[in-house]
Structures are given as structure tokens and as C-alpha cells.
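For reference, the chains in residue letters:
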Amino acid sequence: MSPQPQAAVGAPLSRVDGRLKVTGQALYAAEHDVEGSVHAVIVDAAIGRGRITSIDSGAAEALPGVLKVMHHRNAPKLPYRDNSGSNNPPGRRLRVFQDDRVRFHGQPVAVVVATTLEAAQHAASLVRVGYDAERPSTDLTEAEPDEPTRYARGDAEAALRSVTVRLDLTYRTARNHHNPMEPHATIARWNGDELTVWDKTQWVVGTQAELAAVFGLETNAVRVISPFVGGGFGTVLRCWPHVVVAALAARETKRPAKLVLSRKQMYLGTGYRPSYEYRLRLGSDRRGRLSAAVHELDAETSSYETFTESILAAGQMLYSMPNVAQRYRTVPLDLPTPLYMRGPGFQTASFVIESAMDELAHRLGVDPIELRRRNEPNEDESSGLPFSTRRLRECYAVGAREFGWHRRDPKPRSTREGDWLIGRGMAAGVYDTARMPAQARARLDADGTALVEAAATDMGPGTYTSQTQVAADALGLTVRTVTFRLGDSLYPPTPPHGGSMTMASVGSATLDACNKVRRRAIELAVRDRESPLYGVAADEVVVRGGRLHVKNDPTRGETYRRLLARNDRTHLEADGSFAPPSGPERHSFYGYNATFAEVAVDATLGLVRVRRVLGVYDAGRIISPELADSQALGGMVGGIGTALLEHTITDHRDGRIVNANLADYLVPVNADIPDLKAIYLDGEDREADPLGVKGLGELVMIGVAPAIANAVFNATGRRIRELPITAEALL
């Protein structure tokens, strides 16, 4: 078939769901009006480890409007069967209300169900729980780690003994919480043995599978609906216990049950970026050619599940190096399980590696960009595969030019503006180009409009809009005549809305479905004796604005509406799919960036103010510049938070999070955000997927924190190896 004209993809279009959101018509999980709903409020454990010895719910149950108080002593035993489609580890889930064990502070130990929210909240405060408390283990540096995961090539220890320049550095990163604007919320309703939930989730198919596994149902007996998600950043990539509690409350009361977590409860059991202690030993010659690196890192996990993330990959492939050794240990603690948070793994690794590269550049007296150029690999040295695309050199060049890198004085503490010390820093970033199997369904109706459906979700990056753009161009329609529906497990299945894989995976399935519909219309036309296109080779027909015509003769053609009406067709429909090629990969797939930051540090008070950030991205084809900018600027804001503000603090005496609120857990506000700019290299990666995209949402956050840390060193001469960078650390 001839290539379709591209009018929507690449155009700076407004969000197709924007009006719904700004007028309040977009319904989030807790806003669905489900008739007869009652309210559920969770009672959280007040200890960090131990056993429940008593539960007194009499005062709560005596309140008007209270329907039930449920806990491990009266809750039904649930099958919790294993299910390979679930998004929770089989066999090691937190089995809510199934025993008397308390595994972390804030664990759900009871739920109150009442006819009003106020009654449920008041009753929850009256439930008295007795405990046999033990001292929890919540300190990463004092607990016993699991057996390590290891990687090695060459002989890193021997190489380090023989190098000219050696660095031995230890970094620490704080635990971070996702803090989306919309709280976690679930409404559950049973109809016999069939369950429907309206849920805040980034993976409707995974939540469907998990609920089926927990309640012992067939998967198709569970329906999950999630049309709008008010931010996620990874926190709803799995089905948390509160979703099960909502469904259990609904089943036991025989009423639809609504459960909305408080802001505090969102810190107590809905995931977080784990803290790390990360030692990096790095060796090079005097020209900065890297010879060896040894990575030794410990990370938090829970006592009942083992959480890992892709933190080792960057150290294996970002720079050319013959000798690499890595040891990655998880440390089981009396905490809830961590979860993926924007840029998982790569974000933490980038802070360590890129800070160390800056330190090495300073030690050698080499420009930080030049040091990175000298260590550019020709292939992925962890796999021996060629890169599908790798344009880091171009990112450096464009970024240095646009940022004015040549004006940077490499001597620390050499640039001042009154009381402010000015510094500039940069860092490279990399993130895996993830793709997973996905499906979509497209229908072209006789009135010339189209409907496309997939069980994807949209937590803010603009899935509705980007998928509509792809569909419109593939069908040859305008954006106004295409409707894209998502967020329902009745639609064709898709992978999680995370890992920057939605555009590559769901977008490619959408493209396939819409291409099939367009081809069926063309084949119908060229075989129809009454069509102006009769007898034309199908490959010579394109569609623009809903009109099929010969590629080189726009006057010869007809509209979809006329074609379908004449052939008595109410619609044309097709299912589309995408899956990465089976068998071993033939390329190494990553997106890249170069991030530049300028900071001002108060010489007396140690306060850090970010003045500007620039990111340059090798991210393949950009479907929507407007959405890309939204992602990039948001990622920079998140990186500023990681670098300077965000830090979850635990009282190790009882496992309590002491800053479980937005007054004490600091995130950037408008006053913290300076001049932000994003540049995207023009190009595509057709080896990765049919659309040529690489994914952007994770990549844009990676590299921001080390660029800021390196700028702080350039400003002050102080090398801070712990995040967040605080005024106390600089005094």
C-alpha cells in the first residue's frame, strides 16, 4: 500500500479530552455514580511489626449507618490462587484480613463499611486494636540482605588495581513517594459471581487478573473500568490490597462499596521508589578512557515480596568499558513493597554514574562532555548487539550549543552574582525502549466516523490524543471524526501503562487495526464496478479527509460514506495487534538524553535554586510535540524534586512514616520551577516498532538529578553524594 499522508501525527494538537477535564466532565475513579453505593474506610495498623491480639469494634458497630466492621477474625478466607496474568507476584501477596500478622506500619487491619463517608470515618476511629508489638526492621544499613544478583565481564577487580586513576564513591538516595494528585480509589459492585470495579489503575488487564485470582473467579467474570487517571507515576501499576478490600466489602454487604484512600494512606501501602546505598568504584587512564567499574548496591524491599528494578543496565552499556562487575542486593524490611516510579532503576543509576563521571572529569581536568565522548561505545557491550539508534553525541552537541556550555567556568566556586554562587552541570541519560504485545479494535462507520478501542489507560501523558492522531492518519480521517476509547477490560488487552511502552505497543496495535480497515475499504472500492476507483491497483490508493483517491490523481476517488452506503455496509471493522519479534533481539533498544542545568546557591544559607534546565532527547519519532513537551517539562520538575526536595522519613522505632503528607513531604511548586526547555532530535527508530517511537515519559526525568548535583559542585566545590541535596549538606 502507498504510504498514508500524515496530517495529525507530528502536529501540535490540543488534547482531545482537554475540554472534558477542564469542565469537570471527565470522571475519575471515585466520581462514578454507582447507585446504592456505601462507603468503606480502612483501619491502619499502629505498629510496624507483630501480631494482632484483639479487635474491639463494638463502639463502631453501634453507630447509626454502620453496616459492617471486617477484619481477620470475621472476613471470609479467600483462595488467592496464582494467576500468570496478574500484576502481583504469585504466592507472596499481602493477603489482607487473612491472618493476624502485621508486616508494616499502616497495613490494613480492618475496614468499616457505612452508608455515609462521615459515619465510616468516625467508626474507623473507634475501632480498638490490641497488638503484641515487635521492633520492626526498617533501616537499610542494619538489616540482612538477600542473596545478590551479579553481572560481570572481564576482570574488574584486577583492572582497578592496575589503572592510573581510581575513584571509590558511595552514594545514598532517599525513598521517594509518587504523590499523584488523584488519590487511590475503587468502587466495587457484585452481580452474582460477577465483579465490576471502577478503579484508579495503570493496568486494567492486570487488575482484572489479580481480582480474579484473589476471589477464585474466571478472568472474564471481572470487569475493570478506568477511563481517567489523575496522575500515577507508577503507583497504580499493580492491584494493591485496598482494591481487594473494596471488593470484599461490597460482597459482604451486598452493596456497591466505594473506598478512597486518604493522602496519608497513600504513603502506607501503595509503593515508592526504594532507597539505595550504592558504592561505585571507577578506574580510567589519564586521558579518561574507562577501564573498569565495580557497582555494589543495596536496595529496600518488603519482608513478604522481593521487588527489583532495572538498575544494572545503565552501568553495563552506557559507556565503553572492558571490565564491569555488579552486585545488586535487596534488603527485606518491615515496610510495604516498593514499586516502579518514573524512570525506575535508571533514574537512581544515572545519579550515581553521571555524578561519578563528573567527578572523574574534574579529577582529570577534562570537560565533562569530552570525557563522555571519549567513552562512547560502538555497540552495546553487555550484549554485543548494535544499537538501533544512539545519538548521544548529537544530544551533547545540540545541548552544549543551546545551553551556552562554552560559557561555563570549570573551576568550582568561580562564578558569583552577589551572594549567589552560580554553577552549571550536565549529565547523560538512558532508558530502555520497552515494547510488549498489545491489541486494538477499529471500526469505520457508514457516516464516515471511526471508533478505536483498546484497554489502555491514560494517567496524563495524553493517550487519548496520541492514539487518535495515529488512528486518524492511518484511516485518512480528520482527528475530529475519530473517537478513541480506553480504560475498560472489555476492550482488547494491552500491557501496563508504564515503562514508556504505551505509544510503541498500543500505538502500533492501533496502527495495525486502522491500516486493516483502510485496506478493506480500498479493496472494496477497487472491486466495485460503480466506484471511480474500480480496477485501480490497491497500492495506488490513499485516503485523505475521509476520501479515497488515486495517489497521483486526487480527482479520481470517492468518500468512505459514499462507498459504504452504495455497498450496504453499516461499518467496516478489524482487530489489530502488535508484538515485538519473537526470538533473540537483533538490536539494543534505548532512548537517550543530555540534560543541562544551571543553579544558584546562596553562599551563606546553602539554599539551592535551579535557574534553568535543558534536555535534548534521542527518543525516536515524536507523535505529538505538545504532549512531548508536557512529558519533558513534567519530568524535569520531577527530577528537581528528587534532587533537592523529596525524602520519605521513617521512624525506625516503630516503622511510622513521619512525613506522610504534602506539608512535610516536599515536592516542587511553581516558585521552584525555572526556565525549562526540551529539544527532540528529528528521527525515528523503525527497528523498535512500526511507528518508529522510543518512548519518552521515563527518559525525560533521567539525568536531571545528576545534572543538578554536578551544577551544585561547579557552584560550590562541594560534592554531595546523597539525595536530596539539602542546605544542611552544603553548610
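The notes below deal with the structure included here. What you see is a predicted model; the values in this text were computed from it and never measured.

**Structural notes on the packing of aromatic side chains**
Okay, step 1: Tallied over the full model, the rule gives 14 aromatic pairs.
Okay, step 2: Consider the rings of W190 and F215, whose centres lie 5.3 Å apart with planes at 75 degrees: the pair is edge-to-face. Taken as a pair, W190 in strand 9 (residues 185-191) and F215 in helix 5 (residues 204-215) lie far apart in primary sequence, 25 residues in all. Per residue, the accessibility class of W190 equals that of F215, and both read buried.
Okay, step 3: The interplanar angle of 25 degrees and the centroid separation of 5.8 Å between the aromatic rings of Y617 and Y680 together place this pair among those described as stacked. A residue pair is termed long-range when its members are at least 10 positions apart, and Y617 in strand 26 (residues 608-618) and Y680 in strand 29 (residues 675-680) qualify at 63 residues. Across this residue pair, the class does not change: Y617 and Y680 are buried.
Okay, step 4: The ring of Y272 carries the charged tip of R175 above its face, separated from the ring centre by 5.0 Å.
Okay, step 5: Note that R238 overlies the ring of W240, its terminal NZ or CZ placed 4.7 Å from the centroid.

**Section: the pairing of strand 5 (residues 108-114)**
Okay, step 1: Counting buried positions along strand 5 yields seven of seven residues, so the element is predominantly enclosed.
Okay, step 2: Two strands pair when backbone bridges link them, and strand 1 (residues 38-44) and strand 5 are joined in this way by six bridges, in the antiparallel orientation. Of the residues in strand 5, the one forming a bridge with D44 is P108.
Okay, step 3: As paired elements, strand 3 (residues 66-71) and strand 5 share five bridges and run antiparallel to each other. Pairing of M70 across the sheet is with V111, part of strand 5.

The rules behind each value
- Residues numbered from 1 in each chain as written.
- Predicted model: local features only at pLDDT ≥ 70, side-chain atom pairs only at ≥ 80, totals over all residues.
- Heavy atoms only, no water.
- Phe/Tyr/Trp six-rings, centres within 6.5 Å; stacked < 30°, edge-to-face > 60°.
- Helix = DSSP H or I, 4+ residues; strand = E, 2+ residues; numbered from the N terminus.
- Buried < 20%, exposed > 50% of the residue type's maximum accessible area, 1.4 Å probe, protein only.
- Lys NZ or Arg CZ within 6 Å of the ring centre and 35° of its normal.
- Pairing = 2+ DSSP bridges.

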